[in-house]
Amino acid sequence: QVQLVESGGGLVQAGGSLRLSCAASGRTFSSYHMGWFRQAPGKEREFVAVISWSGGSKFYADSVKGRFTISRDNAKNTVYLQMNSLKPEDTAVYYCAAGGEYSASPRLYAYWGQGTQVTVSS
């Protein structure tokens, strides 16, 4: 099993920035597509961003496009989510996920981190 651990969450004022990190263990990290998802209280888990195993392809949810940037460093077994111009509606638990498909669907990701809380105040 691939182990994923998110970090970097916290409390930030609207308009501010945070960078989330997801550290992965396992010999085959670079072979997985990596996604970021988020879940607010009372809502379903929603797609945020995905990056291909090579880093050559990226795709974002419309709600975060232009504000968030996903990247990965396979040498460090880490994927990042840079979040700029944060809004209160970005408040959620953010999850890192690994899967064999380049997809926006959480159902196609086999491995998940424990999540990190992001709270954006006004």
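To be clear, the structure that these remarks concern was listed above.
Residues numbered from 1 in each chain as written. Predicted model: local features only at pLDDT ≥ 70, side-chain atom pairs only at ≥ 80, totals over all residues. Heavy atoms only, no water.

Caption draft 1: Inspection of the pairing of strand β1 (residues 3-7) at higher detail. Of the two faces of β1, only one is covered, namely that formed by Leu4 and Glu6; the face formed by Gln3, Val5 and Ser7 stays uncovered. Of the strand pairs in this sheet, β1 and strand β3 (residues 18-25) are connected by five bridges, and their pairing is antiparallel. Among the inter-strand pairings, Glu6 is bridged to a residue of β3, identified as Cys22. (Buried < 20%, exposed > 50% of the residue type's maximum accessible area, 1.4 Å probe, protein only. Helix = DSSP H or I, 4+ residues; strand = E, 2+ residues; numbered from the N terminus. Pairing = 2+ DSSP bridges.)

Caption draft 2: Representation of the environment of Gly16 in the model. For Gly16, the position within the fold is in the loop between β2 (10-13) and β3. Separated by 66 residues in the primary sequence, Gly16 and Gln82 place their C-alpha atoms 11 Å from one another. Not counting chain neighbours up to four residues away, the residues in contact with Gly16 comprise Met83, Asn84, Ser85 and Leu86. (Contact = heavy atoms within 4.5 Å.)

Caption draft 3: Quick look at unusual backbone geometry. The phi angle at Asn77 is positive, at roughly 55 degrees, despite the residue not being glycine. Here Asn77 shows up in the loop between β7 (68-73) and β8 (78-83). Phi is positive for Ser85, close to 50 degrees, though the residue is something other than glycine. Relative to the assigned elements, Ser85 resides in the loop between β8 and β9 (92-99). According to the relative accessible area criterion, Ser85 is partly exposed, its value standing at 40%.

Caption draft 4: Just the pairing of β9, in detail. Of all eight residues that make up β9, seven are buried, and the element is covered over most of its length. Bridging between strand β4 (residues 33-39) and β9 involves seven bridges; their strand directions are antiparallel. Bridge assignment links Met34 to a residue of β9, and that residue is Ala98. Sheet topology places β9 next to strand β11 (residues 116-121); three bridges connect them, and they run antiparallel.

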